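# Inside the fold
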Amino acid sequence: MFHVNAKIVHRMLHCRHTLCFRPLSGKASSSRLVLGIETSCDDTGAAVLDETGAILGESLNSQKEVHLRTGGIIPTVAQQLHRENIERVVQEALERSSVAPGQLSAVATTVKPGLALSLGIGLEFSLRFVRQHNKPFIPIHHMEAHALTVRMLQPVAFPFLVLLVSGGHSLLAVARGVDDFLLLGHTLDEAPGDTLDKVARRLSLIKHPQCSTLSGGQAIELLAKDGDRTRFPFTTPMGQTYDCCFSFAGLRNQVTMTIMKQEAEEGVKQGTLLTCVNDIAAATQHTVASHLAKRTHRAILFCKAKGLLPSSSPTLVVSGGVASNQYIRKALMIITEMTGLHLLCPPAKFCTDNGVMIAWYVYSNVSESDLI
């Protein structure tokens, strides 16, 4: 396995602007083409974009079904699946874009943050690929790519507030420019997506006839639609902590205790579907949404007090896998409407991990002169 050296990665992240694009020849000579590769967690993604942001070809291999069977993401399993699929995924992206490796201007790959074993596969493949085809290599910060994806879809002026919520991360930051983020808050323990997945696992939702092919978060969202969130009034985390950080481990403990109590009342063992599963799902989702909304509200008030956002048309961008949850989006919409911000969320396919956002980040991070 290729071992990721943290110091080398750090240096690579800070030399992005010195990497220049070689002139191209052949039919693609009028375009600057970037191959983006993403392997930070459990999705193997690749995409080819031109400098206009047009997606010429993409491919994505999801490991969801495998991890559903194992009850969660096992890093060594994710690593092996990346190893088995990355060459095929990259080849599919190239074929669908009708681009040969020699026509590429550069290869961009996620190098942090994420699962070290998964990141290592993407980095090892990319470095071998660029050496073989004599192309520049551009290391990409996964969360920064998520934050800027929305700018590929529509014009969004800096600065803006960004909430990134996923299975591995949760943070609030002011995007002041490309590669310029002011961190306001982050998760102190686990991420919201991780909490939802673990609750779904503890509820054995994979046994539910409507949820057997859904991820934990998707299963919670589906069952919550028919649940009574008021039946289990979980306490919203960090109610007396006056900052913009997050914490979800305490909530998960509350939910686990409730599940154990209900199992005892219904006289069933762990692994049996409870009759109140919809209500627990609804209460869990509501508390996660409430926590995210309250901390985001604090961040907005802080930004307004410190003049960190424009007075005209300030924007909140929400991205990451958890941003696909419609209930959470509605909770955040209430906050933005109340505070006068414009809420922007990428389409669901761009909220989750993908190669498109990695390739796009290159174009958002270079000047016109770098593309000549």
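For the structure, see preceding data.
Residues numbered from 1 in each chain as written. Predicted model: local features only at pLDDT ≥ 70, side-chain atom pairs only at ≥ 80, totals over all residues. Heavy atoms only, no water.

Now for the overall build of the chain. Scanning the chain from N- to C-terminus turns up 13 helices and 10 strands. The buried share of the chain, taken over its 372 residues, is 55%. The contacts in the chain between residues at least 6 apart in sequence include a share of 72% that link residues at least 24 apart. Summed over its atoms, the accessible surface of the chain is roughly 16200 Å², and 54% of this surface lies on carbon and sulfur atoms. (Helix = DSSP H or I, 4+ residues; strand = E, 2+ residues; numbered from the N terminus. Buried < 20%, exposed > 50% of the residue type's maximum accessible area, 1.4 Å probe, protein only. Contact = heavy atoms within 4.5 Å. Areas by Shrake-Rupley, 256 points an atom, 1.4 Å probe, with all protein chains shown as cover.)

Its location among the elements puts Thr-44 in strand S2 (residues 43-49). Given a relative accessible area of 1%, Thr-44 falls into the buried group. Here the alpha-carbon distance between Thr-44 and Val-89, two residues 45 residues apart in the chain, equals 7.1 Å. Among the polar contacts made by the side chain of Thr-44, one reaches the side chain of His-82 at a distance of 2.6 Å. (Polar contact = N/O pair within 3.5 Å; in protein donor to acceptor, adjacent residues only side chain to side chain.)

This part takes up the sheet that holds strand S7 (residues 170-177). Taking strand neighbours across the sheet as the criterion, the 5 strands line up as S8-S7-S6-S9-S10 in an open arrangement whose pairing is mixed. Lying at the two open borders of the sheet, with one neighbouring strand each, are strand S8 (180-186) and strand S10 (342-344). Direction aside, neighbouring strands of the sheet carry axes that sit 25° apart on average. (Pairing = 2+ DSSP bridges. Axes fitted to C-alpha atoms, helices over the stretch in contact; angles between N-to-C directions.)

A separate point is helix H7 (residues 192-202). Residues of H7 that are buried include every one of Pro-192, Gly-193, Thr-195, Leu-196, Val-199, Ala-200 and Arg-202, and no others. Turning to H7, the residues buried within the fold contact strand S6 (160-165), S7, helix H8 (216-224), helix H9 (249-266) and helix H10 (277-306). Following H7 by one or two positions, Ser-204 adopts a phi angle in the positive range, close to 55°.

Another aspect to go through is the packing of aromatic side chains. This model, assessed by the stated rule, comprises 4 aromatic pairs. With 6.4 Å between their ring centres and 15° between their planes, Phe-232 and Phe-234 make a pair best called stacked. Phe-234 carries the same exposure label as Phe-232, and that label is buried. A centroid spacing of 6.3 Å and a plane angle of 15° characterise the contact between Phe-246 and Phe-248, whose relative ring orientation is stacked. The pair Phe-246 / Phe-248 is uniform in exposure class, with both members buried. (Phe/Tyr/Trp six-rings, centres within 6.5 Å; stacked < 30°, edge-to-face > 60°.)

The next point concerns the nonpolar core. Counting 50 residues, the largest nonpolar core has Leu-161, Leu-203 and Leu-205 as its most contacted members. Counting only elements with at least two residues in this core, the list comes to S6, S7, H7, H8, H9, H10, strand S9 (315-319) and helix H11 (326-339). In terms of residue count, the dominant contributor to this core is H10 (12 residues). Setting aside residues no more than four positions away along its own chain, Leu-161 makes contact with Leu-172, Ala-173, Val-174, Leu-184, Ala-299, Ile-300, Cys-303, Leu-309, Thr-315, Leu-316 and Val-317. Core analysis: the next-biggest nonpolar cluster, separate from the first, contains 31 residues, Ala-145, Val-150, Phe-160 and Leu-171 among them. (Core = buried A, V, L, I, M, F, W, Y, C linked by side-chain atoms within 4.5 Å.)

Looking now at the pairing of strand S4 (residues 106-112). Among the 7 residues of S4, 6 are classified as buried, and the element is accordingly described as predominantly covered. Note that S4 and strand S5 (residues 137-141) share 5 bridges and pair parallel. Opposite Thr-110, over in S5, you have Ile-140 as the bridge partner.

Bridge count between S2 and strand S3 (residues 55-62): 7 bridges; the pairing is antiparallel. Paired with Gly-45 across the two strands is Leu-60, which belongs to S3. Hairpin connection between S2 and S3: a loop of 5 residues separates the two successive antiparallel strands, and Gly-53 in this loop has a positive phi of roughly 90°.

Structurally, the position occupied by Ser-62 is in strand S3. You can call Ser-62 partly exposed: its relative accessible area is 45%. The spacing of Ser-62 and Gly-45 is 17 residues in sequence and 8.5 Å in space, taken between C-alpha atoms. A polar atom in the side chain of Ser-62 sits 3.2 Å from the backbone nitrogen of Lys-64.

Our focus in this paragraph is the sheet that holds S3. Within a beta sheet, neighbouring strands are joined by backbone hydrogen bonds and run either parallel or antiparallel to one another. The strand order across the open sheet formed by 5 strands is S3-S2-S1-S4-S5, and the pairing between neighbours is mixed. A single partner strand is all that each edge strand has here, and the edge strands are S3 and S5. On average, each strand axis in the sheet is tilted by 20° relative to the strand beside it, whichever way the strands run. Helix-sheet contacts for helix H4 (residues 116-133) involve strand S1 (34-38), S4 and S5, and the interaxial angle to S4 is about 155°. Packed on one face of the sheet, helix H13 (residues 355-364) meets S1, S2, S3, S4 and S5 and runs near 135° to S1.

Turning our eyes to something else, we now look at the packing of H7 against H8. Their axes nearest at 7 Å, the elements H7 and H8 cross at an angle of 75°. It follows from the interaxial angle that H7 and H8 lie roughly perpendicular. Between H7 and H8, the residues in contact are Leu-196, Asp-197, Val-199 and Ala-200 and Gly-216, Gly-217 and Ile-220, respectively. For the contact of H7 with H8, the residue count by class is 4 nonpolar, 2 polar and 1 charged. (Parallel < 35°, antiparallel > 145°, perpendicular 65-115°, else oblique. Nonpolar A, V, L, I, M, F, W, Y, C, P; charged D, E, K, R; others polar.)

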